[in-house]
Amino acid sequence: MPKHLVFVGGGHAHLTALMNLRDTVRAGHRATLIGPSPYHYYSGMGPGLLSGIYRPAEARFHVKKMAQDRGATFIEDRVVLVDPVRRALVLGSGVEVRYDAVSFNTGSEVPLDLLHPSGDDVFPVKPIENLLAARRRIREADAGKRFRVIVVGGGSAAVEIAANLGHLGMETGRIEGITLVSRSTVLGDFPEEARAQARGALARWGVETIEGVAAESIADRRVRLENGADLEGDMVFVATGIRPSPLFRKSGLPTGADGGLLVNEYLQCIGPPELFGGGDCVSLAGSPLARVGVYAVRQNRPLHRNLSAFLEGRPLQRFDPGGDFLLILNLGDRKGLFRRKEIVWSGRLAFRLKEYLDRRFMRKFQVSGELRESREE
Ligand SMILES: Cc1cc2nc3c(=O)[nH]c(=O)nc-3n(C[C@H](O)[C@H](O)[C@H](O)COP(=O)(O)OP(=O)(O)OC[C@H]3O[C@@H](n4cnc5c(N)ncnc54)[C@H](O)[C@@H]3O)c2cc1C
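Draft legend 1. Expanded view of the site of the ligand. If you check the shell around the ligand, you find 28 residues, and the closest are H12, H40, K126, D280 and G293. Contact distances for the ligand include 2.8 Å between an oxygen atom and a side-chain N or O atom of H40. In the environment of the ligand, an oxygen atom lies 3.1 Å from a nitrogen or oxygen atom belonging to the backbone of N105. Contact with the protein chains hides 87% of the accessible area of the ligand, taken as 1000 Å² for the molecule alone. Sorting the residues of the shell around the ligand by element identifies strand 2 (30-35) and helix 9 (293-298) as the ones contributing at least two each.

Draft legend 2. Local environment of empty space enclosed by the protein. For the structure shown, the criterion picks out 2 cavities of 30 Å³ or more. There is about 50 Å³ of room inside the largest cavity. In terms of lining, the largest cavity is formed by L5, F7, A17, T24, H304, L307, S308 and L311. Elements with a minimum of two residues in the lining of the largest cavity: strand 1 (4-8) and helix 10 (300-312). Residues of the lining of the largest cavity, tallied by class, amount to 5 nonpolar, 3 polar and no charged. Of the volumes computed, that of the second largest cavity is approximately 30 Å³. For the lining of the second largest cavity, the per-class residue count stands at 3 nonpolar, 2 polar and 4 charged.

Draft legend 3. Just the sheet that holds strand 13 (residues 175-182), in detail. Within the open sheet, the 5 strands sit side by side as 11-18-12-13-14. Their pairing is parallel. Edge positions in the open sheet fall to strand 11 (122-124) and strand 14 (207-211), since each of these has one partner strand only. On average, adjacent strands in this sheet sit at an angle of 20 degrees to one another, irrespective of strand direction. Here strand 11 pairs with strand 18 (residues 235-238) via 3 bridges, running parallel. Each bridged residue has a counterpart across the sheet, and for V122 the counterpart in strand 18 is V236. Contacts between helix 6 (residues 156-172) and the sheet are confined to strand 12 (147-152), strand 13, strand 14 and strand 18, with strand 13 contributing the most and set at about 175 degrees to the helix.

Draft legend 4. Expanded view of helix 7 (residues 192-204). Between its terminal C-alpha atoms helix 7 stretches 18 Å, which fits the 18 Å expected from 13 residues at 1.5 Å a residue. Of the residues making up helix 7, those classed as buried are A194, R195, Q197, A198, A201 and L202. For helix 7, the angular spread of the buried residues around the axis is 165 degrees, confining them to a single face. Looking at helix 7, the residues exposed on the side facing more than 90 degrees away from the buried face are A203 and R204. The first or second residue beyond helix 7 is G206, which carries a positive phi of 80 degrees.

Draft legend 5. Expanded view of the sheet that holds strand 24 (residues 336-340). Across the sheet, which stays open at both edges, the 3 strands sit in the order 23-24-25 with antiparallel pairing between neighbours. Among the strands making up the open sheet, the edge pair consists of strand 23 (327-330) and strand 25 (343-347). Averaged over all pairs of adjacent strands, the angle between strand axes in this sheet comes to 15 degrees, irrespective of strand direction. Across 5 bridges, strand 24 lies against strand 25 in antiparallel orientation. By the bridge assignment, F338 is partnered in strand 25 with W345. The sheet contacts of helix 7 involve strand 24 and strand 25, and relative to strand 25 the element is tilted by about 15 degrees.

Rules behind the numbers
Residues numbered from 1 in each chain as written. Predicted model: local features only at pLDDT ≥ 70, side-chain atom pairs only at ≥ 80, totals over all residues. Heavy atoms only, no water. Near = heavy atom within 4 Å. Polar contact = N/O pair within 3.5 Å; in protein donor to acceptor, adjacent residues only side chain to side chain. Areas by Shrake-Rupley, 256 points an atom, 1.4 Å probe, with all protein chains shown as cover. Helix = DSSP H or I, 4+ residues; strand = E, 2+ residues; numbered from the N terminus. 1 Å grid on protein atoms, 1.4 Å probe; cavity = no way out; pocket = protein on both sides within 12 Å on 5 of 7 lines; lining within 4 Å. Points joined across faces, edges and corners; volume = space filled by probe spheres on them. Nonpolar A, V, L, I, M, F, W, Y, C, P; charged D, E, K, R; others polar. Pairing = 2+ DSSP bridges. Axes fitted to C-alpha atoms, helices over the stretch in contact; angles between N-to-C directions. Contact = heavy atoms within 4.5 Å. Expected span 1.5 Å × (residues − 1). Buried < 20%, exposed > 50% of the residue type's maximum accessible area, 1.4 Å probe, protein only. Arc of directions from axis to C-beta.

Structure, rendered in structure tokens:
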């Protein structure tokens, strides 16, 4: 029987299913993609968008076109509530979309409730579009304006953002100081060698690094630290970690400890069986995964297979999270910091490897003329 399959969020984990929508539609089903933008930005290239190493067109997928070209409907909106009893999604506009099956890939956000920031000078590092807005702010400011920038956070995103701000400052001459403030040691869960290399890279960019002090609040261009000190900045980037979108808790669906939709090894909700999901917005029951894009990418095929199987009434297949993964941080100067388990090295070759892997991923799913687009943001 024909069914209506709805994709909520055109994120990294949905790309294979979106690429194969033609088969879904040919089998007689209806498909809809709902997302707040026609584009989805690849987070791995986000810091490079800030520094200008990449143009926006190089780092995004035109998910609207991808879906429409394959016979699906695209709705530019956000899902704000799921009503599993009526099998309905409520959108920001108030419109309701009924479904037979849904797959969620709504990602994650930077939790801001502890810092309760105010003002339009605060840039959480997700969504990635914020990094483009920050770049524009710096480049388009009045001639002579120079920015003091503060990065709050000490994980890999914070290091990449600070380093790429260094690059942007070199290119524009408009950044007069960058301070990174981290509650714990920078790259606390990396081997010591990686920390040393990251600190070296930040120092080369002139980044002042304050470790072991938490930021308490952000207001009026001031970051208040727990030791009572104030840091003044024209712009504040917040990279204090991520948590899944709050949609599932709000909808009363089963969630993991941090609010991700609780799914089983088939990426299927442990509650209503017609709900699936992948990427940062889900929590795998029994073995929660790190919230890194690597898993969203690995979930592509199993999610696609299981959505098709669910529509056709076939048995589902297990998702195997796989073993260790490598991370390569963009250090802003076309150098990368490579880490796989305890193996750490940095330099141009590491960045070249990152570029190769990132561009290979982009090529696979940039099937909608993205690179020919002249529109930039
Ligand atoms: C600066 C930075 C650099 C990173 N670099 C790396 C890296 O190099 N390697 C790595 O493995 N990980 C990296 N990460 C981690 C990475 O962000 C996430 O793990 C990855 O983005 C998860 O992909 P996703 O598709 O689940 O979510 P997202 O990328 O967040 O995508 C979610 C999509 O859903 C849409 N959406 C959101 N809410 C709704 C809604 N309510 N309704 C409809 N649509 C919605 C969004 O518009 C978006 O398109 C980085 C993160 C940051 C912040």
